[in-house]
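Here is what each chain is made of, one letter per residue.
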Amino acid sequence: MIKKYSDYSLKKYNSFGIDAKANKFITFSSEVDIPELFLNIKEKEEVLILGGGSNILFTSDYNGIILKNEIKGIDEEQLNENEVLLSIGAGEVWDDVVNYTVQKNYYGIENLSLIPGNMGAAPIQNIGAYGVELKDVFYTLECYDIENGEKRIFNLDECKFGYRDSIFKNELKGKIIITKVNLKLSKIGKLNTNYISLKNYLIENNLTTPTLSQIREAVINIRNSKLPDPKKLGNAGSFFKNPIVTKKIYDELNQKYPNLSYFISEDGLYKISAGWLIEKCGLKGIRMGNVGTHVNQALVIVNYGGATGEEILKFVENIQTKVFNEFGILLEPEVNIINNNQQENL
Ligand code: FAD
Ligand code: EPU
């Protein structure tokens, strides 16, 4: 089903709570609706695909068409004795999917509990948390190619997943609509409890042999202790990516700052905690007008109410400048910044 609105407020549709408007706002709930959506779209009109709006910053009104994907449904197929394939509509709420898998005792995405947003956006930045990324359970995805109207299927390699990255943030940015994602989950218990704050939580709570539900609960509790709830305080999670540097740069930084917080990434490079860099600059919990860094997590930028996208962007640039001046590292936004109708990551 297709529903169309004009001059539509986006306030409820972005977790920053920015009160921007879209010229046209169209919702669709089935893959078969998509060709019809494009029949009346003029070539020059900008189009933005929207999921839950939890990784997006509108810096002005959107002078174009927003297509909100509401394709629902979860189908199951037994691949073999130990594995199950879930085919999930792009408009399903991600955490409902996680809850469904935990209830069914399917292992693989429990560490990704409580990440806001919808299924369709999860492959865009290869969502990750507590030692797990979407790519670890990804099988294939189905999408609509906006340029030629064809259906395409991408497998794991074709998605070119990286840390908070994929082909859909690069060569295919704005060119496809993800309609369905297929995940391969395991029916045999293999928990990932290596992430330090998760490991500590389990020790502190005497959970030596945790169940799937206990891992989900642990992750939810850890997240709630430091990340602000967007329903109460506008935000889009981590605003910046954790910068990845070579051993040489890491060594130089570590000499100057022996307490530097970092992880060694899969490819042997050093992932520096951007939150630590921001905090070290004295910027944790600061506030300028309606915008600030969160008191419990410096990497999260919050809207205290009434902030405009422009105001948030100015604050972001200020943080980038101060971190660069101190450490020589330019923090790269993770959030998709929608600027003058053009989607960019600064
Ligand atoms: P949106 O914000 O609607 O869209 C994001 C991007 O994807 C946009 O470029 C949009 O055009 C594109 N897009 C959306 N749907 C489709 C589609 N169907 N087809 C094609 N393109 C599409 N992320 C993590 O990785 N790990 C975390 O731990 C995490 N924690 C968070 C905590 C909080 C409190 C918040 C607010 C955010 C957090 N995020 C985290 C970021 C965010 O939840 C994820 O990036 C999520 O996947 C965004 O989903 P969404 O549906 O809201 O996407
Ligand atoms: N830290 C500080 N000060 C801060 C925040 C963090 O010093 O204000 C240091 C601490 O040493 C802490 C370390 O950074 O131990 C790591 O912090 P945390 O575990 O909170 O993780 P993060 O690196 O800040 C990343 C993701 C989150 C994800 C968590 C858990 C990115 C950009 N962010 O945050 O994802 O939930 O790990 O895996 O990779 C998101 O992408 O929106 C997001 C919230």
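Fair warning: this is a prediction, and the values are worked out from it, not measured in the lab.

Asker: Can you walk me through the packing of helix α3 (residues 196-204) against helix α4 (residues 212-226) in this structure?
Answerer: Packed helices, taken two at a time, are described by the angle between their axes plus the distance between the axes. Two numbers describe how α3 lies on α4: the axes approach to 10 Å, and their chain directions differ by 110°. Classified by the angle between their axes, α3 and α4 sit roughly perpendicular to one another. Our pair here, α3 against α4, has a crossing hand that is right-handed. For the pair formed by α3 and α4, the contact residues are Ser197, Leu198, Tyr201 and Leu202 on the first element and Ile215, Ala218, Val219, Asn221, Ile222 and Lys226 on the second.

Asker: Would you take a moment to explain the packing of aromatic side chains for this structure?
Answerer: Ring pairs (aromatic) are described by centroid distance and by the angle formed between their planes. The tally for this structure, following the rule as stated, stands at 18 aromatic pairs. Ring geometry for Tyr262 against Tyr270: centres 5.7 Å apart, planes inclined by 40°, an arrangement best described as tilted. With a centroid separation of 6.2 Å and 50° between ring planes, the pair formed by Trp276 and Phe327 is classed as tilted. Placement of Trp276 in helix α6 (residues 274-280) and of Phe327 in helix α7 (residues 309-327) is noted, with a sequence separation of 51 residues between them. Both residues of the pair, Trp276 and Phe327, count as buried. Taken together, the aromatic side chains of Tyr5, Tyr8, Tyr13 and Phe25 make up a single cluster linked through ring pairs. If you follow Lys271 out to its NZ or CZ, it ends over the ring of Tyr163, 3.7 Å from the centre. Residue placement shows Arg287 over the ring face of Tyr304; its charged tip is 4.2 Å from the ring centre.

Asker: Teacher, can you tell me more about the sheet that holds strand β7 (residues 83-89) here?
Answerer: What links the strands of a sheet is backbone hydrogen bonding, and the strands pair in either a parallel or an antiparallel sense. The strand order β6-β7-β12-β10-β11 describes an open sheet built from five strands, whose pairing is antiparallel. Unpaired on one side and paired on the other, β6 (74-78) and β11 (151-155) mark the two borders of the sheet. Mean inter-strand twist for the sheet, computed between neighbouring axes without regard to direction, equals 20°. In the sheet, β7 pairs with strand β12 (residues 176-186) via seven bridges, with the strands oriented antiparallel.

Asker: How do you make sense of the sheet that holds strand β1 (residues 2-9) when you look at a structure like this?
Answerer: The four strands lie next to each other as β1-β2-β5-β3, forming an open sheet whose pairing is mixed. Of all the strands in the sheet, the pair left with one neighbour each is β1 and β3 (47-50). Across the sheet, the axes of successive neighbouring strands diverge by a mean angle of 25°, strand direction being ignored. Direction of pairing for strand β2 (residues 21-28) relative to strand β5 (residues 62-69): parallel, over a ladder of six bridges. Pairing of Lys24 across the sheet is with Ile65, part of β5.

Asker: Got a minute to help me understand the nonpolar core in this structure?
Answerer: Soluble, globular proteins show a tendency: their nonpolar side chains are buried together. Counting residues in hydrophobic clusters, the biggest one holds 47 residues, and the most contacted among them are Phe239 and Ile312. Among the elements that take part in this core, α7 stands out by supplying seven residues, more than any other. Two domains each put at least three residues into this core: domain 1 (2-69) and domain 4 (242-330). If we skip the residues at most four places from it in the chain, Ile312 touches Phe16, Ile18, Leu57, Phe239, Val291, Ile301, Asn303 and Ala307.

Asker: Help me out: how do you make sense of the site of ligand 2 in this one?
Answerer: Lining the immediate environment of ligand 2, one finds 22 residues, of which Tyr163, Tyr195, Glu279, Gln297 and Glu334 sit closest. Residue Tyr130 places a main-chain N or O atom 2.7 Å away from an oxygen atom belonging to ligand 2. The contact in question runs from an oxygen atom of ligand 2 to an N or O atom on the side chain of Ser261, over 2.9 Å. Relative to its unbound accessible surface of 820 Å², ligand 2 loses 83% to contact with the protein. Where the shell around ligand 2 is concerned, the elements lending two or more residues are α4, β13 (234-238) and α6. With three residues, the single largest contributor to the shell around ligand 2 is α6.

Asker: I tried to follow the domain arrangement of the protein chain on my own but got confused; where do I start?
Answerer: For the protein chain, the assigned domains are domain 1 (2-69), domain 2 (74-186), domain 3 (196-226) and domain 4 (242-330). Once you take the C-alpha centre of each, domain 1 and domain 3 turn out to be 37 Å apart.

Asker: I keep staring at the packing of helix α2 (residues 94-103) against α4 and nothing clicks. Help me out?
Answerer: Running from amino to carboxyl end, α2 crosses α4 at an angle of 150°, the nearest separation of the two axes being 9 Å. With respect to α4, the axis of α2 lies roughly antiparallel. Residues Asp95, Val98, Asn99 and Val102 of α2 form the contact with α4, whose participating residues are Leu212, Ser213 and Arg216. Here the contact of α2 with α4 is composed, by residue class, of three nonpolar, two polar and two charged.

Criteria and thresholds
Residues numbered from 1 in each chain as written. Chains lettered and ligands numbered in written order. Predicted model: local features only at pLDDT ≥ 70, side-chain atom pairs only at ≥ 80, totals over all residues. Heavy atoms only, no water. Axes fitted to C-alpha atoms, helices over the stretch in contact; angles between N-to-C directions. Helix = DSSP H or I, 4+ residues; strand = E, 2+ residues; numbered from the N terminus. Parallel < 35°, antiparallel > 145°, perpendicular 65-115°, else oblique. Left-handed = near helix turned anticlockwise from the far one by under 90°. Contact = heavy atoms within 4.5 Å. Phe/Tyr/Trp six-rings, centres within 6.5 Å; stacked < 30°, edge-to-face > 60°. Buried < 20%, exposed > 50% of the residue type's maximum accessible area, 1.4 Å probe, protein only. Lys NZ or Arg CZ within 6 Å of the ring centre and 35° of its normal. Pairing = 2+ DSSP bridges. Core = buried A, V, L, I, M, F, W, Y, C linked by side-chain atoms within 4.5 Å. Domains from an automatic or database assignment. Near = heavy atom within 4 Å. Polar contact = N/O pair within 3.5 Å; in protein donor to acceptor, adjacent residues only side chain to side chain. Areas by Shrake-Rupley, 256 points an atom, 1.4 Å probe, with all protein chains shown as cover. Nonpolar A, V, L, I, M, F, W, Y, C, P; charged D, E, K, R; others polar.

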